[in-house]
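Coordinate inspection notes
Listed below are the residues making up each chain.
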There are 2 protein chains.
Amino acid sequence: MPNYNSMDKEALKEEYKKLSEQYAAYKAQGLSLNMARGKPGSEQLDISNDLLTVLDKDSDFKTDDCPDVRNYGGLCGIDEARQLFADLLGVEKKNVFVGGNSSLNMMFDTMACLCEKGCEGQTPWGKLPKVKWLCPAPGYDRHFGVTEYFGFELITVPMTNEGPDMDKVEELVKDPSVKGIWCVPKYSNPQGITYSDETVRRFAALKPAAPDFKIFWDNAYIVHDISDTPDSLLNIFDEVKKTGNEDMVFEFCSTSKITFPGAGVAALATSEKNLELLKQRYNFQTIGYDKINMLRHVKYFGNLQGLLDHMQKHKAVLQPRFDMVTDMLSENLTECGAASWTKPNGGYFVSVDVTDGCAKRVVALCKEAGVVLTGAGATYPYGKDPKDSNIRVAPTYPPTEELKTAMEVFCVCVKLAAVEKLMK
Amino acid sequence: MPNYNSMDKEALKEEYKKLSEQYAAYKAQGLSLNMARGKPGSEQLDISNDLLTVLDKDSDFKTDDCPDVRNYGGLCGIDEARQLFADLLGVEKKNVFVGGNSSLNMMFDTMACLCEKGCEGQTPWGKLPKVKWLCPAPGYDRHFGVTEYFGFELITVPMTNEGPDMDKVEELVKDPSVKGIWCVPKYSNPQGITYSDETVRRFAALKPAAPDFKIFWDNAYIVHDISDTPDSLLNIFDEVKKTGNEDMVFEFCSTSKITFPGAGVAALATSEKNLELLKQRYNFQTIGYDKINMLRHVKYFGNLQGLLDHMQKHKAVLQPRFDMVTDMLSENLTECGAASWTKPNGGYFVSVDVTDGCAKRVVALCKEAGVVLTGAGATYPYGKDPKDSNIRVAPTYPPTEELKTAMEVFCVCVKLAAVEKLMK
């Protein structure tokens, strides 16, 4: 099959007819498949089932700094959990705050804190007429949502193969109303790009006009490899120490996609000064987070190596699924040229760029045929993809057989939309 | 022993000498006892240990509205948990949001939402030059802290035996900058007072000048009886239906003092309109709260009756402790007139009013003798008790023998401070 762009009108008509028939056949099956969200599948959830019973009535509920995890107290989390996350993030325990069940919630609360009280002696962001926030895109819709909720103006920064376009970032931070940036530095959502060493170093060396500029470093996929050649990410805390920018970074992570989404443990790491700022808010907000669940996780993993071993089980489930998805994309879409995509070494998504102006159409076609995708545009600020081309495919949730069918439908829809456009 | 007020100088001197000797004897013991916070004791924590293993790998993780509680989703909580809290609070499931591990956090988040976005078409509170908030006192220090964090002006409303002084409340709400009130309507913290039917009805019938006036109804001790003659509280939601004030109330509760503090489940109930408002924020803040812990609680209790039966076990532990405390107060302090106190039918505290101007001194004397009490003044806005007389005694945490010693020390300190004052 030749590239669609080199086809004449007749050939396109022929291809359209063929694709329409394939599409109609899928539609007739009355499918109900979902590749919309980065949710682990059942098989992955089962991996962590022993976590449920790792604590029982005979357990020792005393920890290094806490007489009984079943009782109130311990704002920053139990010592053992702080140490586990410190080891995971490559920082010191004193820089870690272990919170509730959601890193998104911690990002939201951190943003709220900066809006309410401010930092570095600057006006709280909530009291400023205008706050701008940098959003590398394609990116994570829920990140953009948080900053949109707080009324910030979202500024799109293009992604490159090495992370956000740092020339653009360095230029944009000269504006003192630019207060921060969202980053998913490893296996970025949705492209699976890991920031290069140079990108991390340039972040650490930023000299923003705003003294209270903050990097929200969401290391959501820190240990979420799906290939035998995993990426590695430079530790930004090591770098900011060299540049004196220790107070510029808040790093977030959680066990949501390590144990149970929504029933895991979230943590953040930042400078002691920033932690003091956050604690001033947390101290009013709560007496403390779920320490029993922290102890469950600590006992279940034992240590960082235990956690890394555990992640190999996820990899074993996910690697063949991602391979299938990228193989199917290659087989179906390489020659016709209707799309390009990433082949990530980790993370939860495959990012597909379909023919410009066709993403919405592809998502609509898929939906009509019973295959739900992330809404087109969701990976851009305000849900508006300027080229209408990016689609985030999430291969983790559906059972393998369903995923295969969903991908077949997807590929037909990508081709159909491309041909439709060329015929116009 | 006669009343101190009727003693002459010589008799006081004699009494002072006696008390000083007793005090010195306790001090020499090098005690380390704590009656500061409303924390359950170990015996109470053990009651709920079976909760830890109620779910295991063979459990059914599917619920009425959720395909798998181990995965993402379900912003308002699982249906079964919403129903349990609906039954507990006497409202409909549609009015309930089940959240994380802390009702304090839900109150804080609700307050933040009203500060950020406002309601009833009014200016968000965070954008107003002045917000006033009513604080029945003595009350809960962490409540006052939340409103202080958000920069509100706290206005003290005196407590009566039937709840807050409603004449004062009705007068104060005529000021449109008064936006709400803290209430612990059942077994109030610290006095253990349950609002009378008339008080609840007057709350429901309030006609505040501020259209966005809100009652934060913290029903923290809703099923926390410690006597054979428990109090009963009128259901405020039934009452506001009659007065058309459905949107005026946010009710909060949690299982913190039912199962495990910090590892329980919190919930709020409010009008559907208010719930929509909160959901607009929660939808950005989180994907959802810990549904595994919700299911744990649902399975553990079975239903409301199971929860009520469970509370009888707490009562069995707490009733003798509270009886001991109030008996010791009676025996030691009735005749000398150095204090008055409440004998609550439930809750977590005994509120003691010592001689005016002596609360700080009593707390300091106790501390010096190794007995930690809640800071004097903590039960008042800004930590300032105008009469310096109220002390919150928390009898739940220390083992019974330690509690007895701590109370002996406390009684000696109350008397010593009273005599000191009379000798001045």
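Residues numbered from 1 in each chain as written. Chains lettered and ligands numbered in written order. Predicted model: local features only at pLDDT ≥ 70, side-chain atom pairs only at ≥ 80, totals over all residues.

1. Structural notes on the overall build of chain A
Across its full length, chain A holds 13 helices and 13 strands. On C-alpha atoms alone, chain A measures out to a radius of gyration of 23 Å, which is about the 22 Å that the 2.2 N^0.38 rule sets for 424 residues. Principal axes of the C-alpha set define a box for chain A whose edges measure 75 × 55 × 35 Å. Per-residue burial for chain A yields a buried fraction of 54% across its 424 residues. (Helix = DSSP H or I, 4+ residues; strand = E, 2+ residues; numbered from the N terminus. Rg over C-alpha atoms; globule rule 2.2 N^0.38 Å. Buried ≥ 20, exposed ≤ 12 C-beta atoms within 10 Å, placed from the backbone.)

2. Thoughts on the packing of helix α12 (residues 359-368) of chain B against helix α13 (residues 400-423) of chain B
Packed helix pairs are characterised by how far apart their axes lie and by the angle those axes make with each other. Residues and elements named next belong to chain B. It is at 9 Å that the axes of α12 and α13 come closest, and there the two elements cross at 135 degrees. Here α12 lies oblique to α13, going by the angle between them. The interaxial crossing formed by α12 with α13 has right-handed handedness. Contacts between α12 and α13 pair R361, V362, L365 and C366 from the former with V409, F410, C413, V414, L416 and A417 from the latter. Residues belonging to the contact of α12 with α13 are distributed by class as follows: nine nonpolar, no polar and one charged. (Axes fitted to C-alpha atoms, helices over the stretch in contact; angles between N-to-C directions. Parallel < 35°, antiparallel > 145°, perpendicular 65-115°, else oblique. Left-handed = near helix turned anticlockwise from the far one by under 90°. Contact = placed C-beta atoms within 7 Å. Nonpolar A, V, L, I, M, F, W, Y, C, P; charged D, E, K, R; others polar.)

3. Notes on unusual backbone geometry
Of the consecutive residues B:A137 and B:P138, the connecting peptide bond is found in the cis state with omega at 5 degrees. Note that B:P138 resides in the loop between β3 (132-137) and α5 (141-149). Across the junction of B:N189 and B:P190, the peptide omega takes the value 5 degrees, indicating a cis bond. Here B:P190 lies in the loop between β6 (178-183) and α7 (197-204). Even without a glycine there, the phi angle at A:Y187 is positive, about 50 degrees. Tracing the backbone through its elements, the reader meets A:Y187 in the loop between β6 (178-183) and α7 (197-204). We classify A:Y187 as buried; it has 28 C-beta atoms within 10 Å.

4. Considerations on the interface of chain B and chain A
On the chain A side, the residues contacting the 41 residues of chain B number 41 residues. Breaking the side of chain B that touches chain A down by element, the ones donating at least two residues are α2 (42-47), α4 (103-116), α5, α9 (272-285) and α10 (291-301) of chain B. With four residues, the single largest contributor to the side of chain B that touches chain A is α4(B). Counted by class, the side of chain B that touches chain A contains 17 nonpolar, 15 polar and nine charged residues.

5. Thoughts on the domain arrangement of chain A
The extent of an interface is frequently quoted as the accessible surface area lost upon association of the parts. Residue and element names in this part refer to chain A. The domain architecture assigned to chain A consists of domain 1 (4-45 + 308-423) and domain 2 (61-302). Taking only C-alpha atoms, the centre of domain 1 and the centre of domain 2 are 31 Å apart. On the side of domain 2, 27 residues touch domain 1, which itself brings 25 residues to the contact. Of all elements in the fold, only α11 (304-333) and β13 (390-393) reach the threshold of two or more residues within the side of domain 1 that touches domain 2. In terms of residue count, α11 provides more of the side of domain 1 that touches domain 2 than any other element does, seven residues in total. (Domains from an automatic or database assignment.)

6. Thoughts on the relation of the copies chain B and chain A
The relation between the two copies of this chain is a rotation about an axis and a shift parallel to it. For the pair chain B and chain A, the superposition axis carries a translation of 0.0 Å, the fit reaches an RMSD of 0.0 Å, and the rotation angle comes to 180 degrees. Here the transformation between the copies is reduced to the relation of a two-fold axis. Using C-alpha coordinates, one finds that chain B approaches the rotation axis most closely at B:T53, a distance of 2.8 Å. The fraction of interface residues of chain B whose copies in chain A are also interface residues reaches 100%, indicating that both copies meet through the same surface. (Least-squares fit on C-alpha atoms with pLDDT ≥ 70 in both.)

7. Focus on helix α12 (residues 359-368) of chain A
Taken together, the buried positions of α12(A) are occupied by A:A359, A:R361, A:V362, A:V363, A:L365 and A:C366. At its buried positions, α12(A) is contacted by β11 (350-354), β12 (371-373), β13 and α13 (400-423) of chain A.

8. Examining the sheet that holds strand β4 (residues 153-160) of chain B
Residue and element names in this part refer to chain B. Taken in spatial order, the eight strands line up as β2-β9-β8-β7-β6-β3-β4-β5 in an open sheet, and their pairing is mixed. In the strand order of this sheet, the two ends are held by β2 (96-98) and β5 (163-164), each with one partner. Sheet strands in contact with α4 are β7 (214-218), β8 (249-254) and β9 (266-269), and its direction is about 155 degrees off that of β8. (Pairing = 2+ DSSP bridges.)

9. So, the environment of B:F322
Residues and elements named next belong to chain B. Relative to the elements of secondary structure, F322 occurs in helix α11 (residues 304-333). Residues F322 and S227 lie 95 residues apart in sequence; the distance between their C-alpha atoms is 9.1 Å. Residue contacts for F322: discarding those within four places in its chain leaves I226, V350 and P395.

10. Details of the packing of α7(B) against helix α8 (residues 236-243) of chain B
Residue and element names in this part refer to chain B. Taken N-terminus to C-terminus, the directions of α7 and α8 make an angle of 45 degrees; their axes are 8 Å apart at the nearest point. With respect to α8, the axis of α7 lies oblique. Crossing of α7 against α8: the hand is right-handed. Across the interface between the two elements, V200, R201, F203 and A204 of α7 pack against I236, E239, V240, K242 and T243 of α8. Of the residues that constitute the contact of α7 with α8, the class distribution is five nonpolar, one polar and three charged.

11. A few points about the environment of A:G288
Checked against the element boundaries, A:G288 lands in the loop between α9 (272-285) and α10 (291-301). With 86 residues separating them along the chain, A:G288 and A:R202 place their C-alpha atoms 36 Å apart. Residue contacts for A:G288: discarding those within four places in its chain leaves A:Y72, A:G73, A:G74, A:L75 and B:G262.

12. Concerning the sheet that holds strand β9 (residues 266-270) of chain A
Residue and element names in this part refer to chain A. With mixed pairing, the eight strands of this open sheet are ordered in space as β2-β9-β8-β7-β6-β3-β4-β5. The open sheet has two edge strands with one neighbour each: β2 (96-98) and β5 (163-164). Pairing of strand β7 (residues 214-218) with strand β8 (residues 249-254), which is carried by four bridges, proceeds in the parallel orientation. The residue of β8 that forms the bridge with I215 is V249. Contacts from helix α4 (residues 103-116) reach β7, β8 and β9 within the one sheet, and its direction differs from that of β8 by about 155 degrees.

13. Overview of the pairing of β3(B)
Burial runs high along β3(B): five of the six residues are buried. The parallel pair β3(B) and β4(B), bridged by α5(B), forms a crossover whose chirality is right-handed. (Right-handed = clockwise from strand over helix to strand, strands pointing away.)

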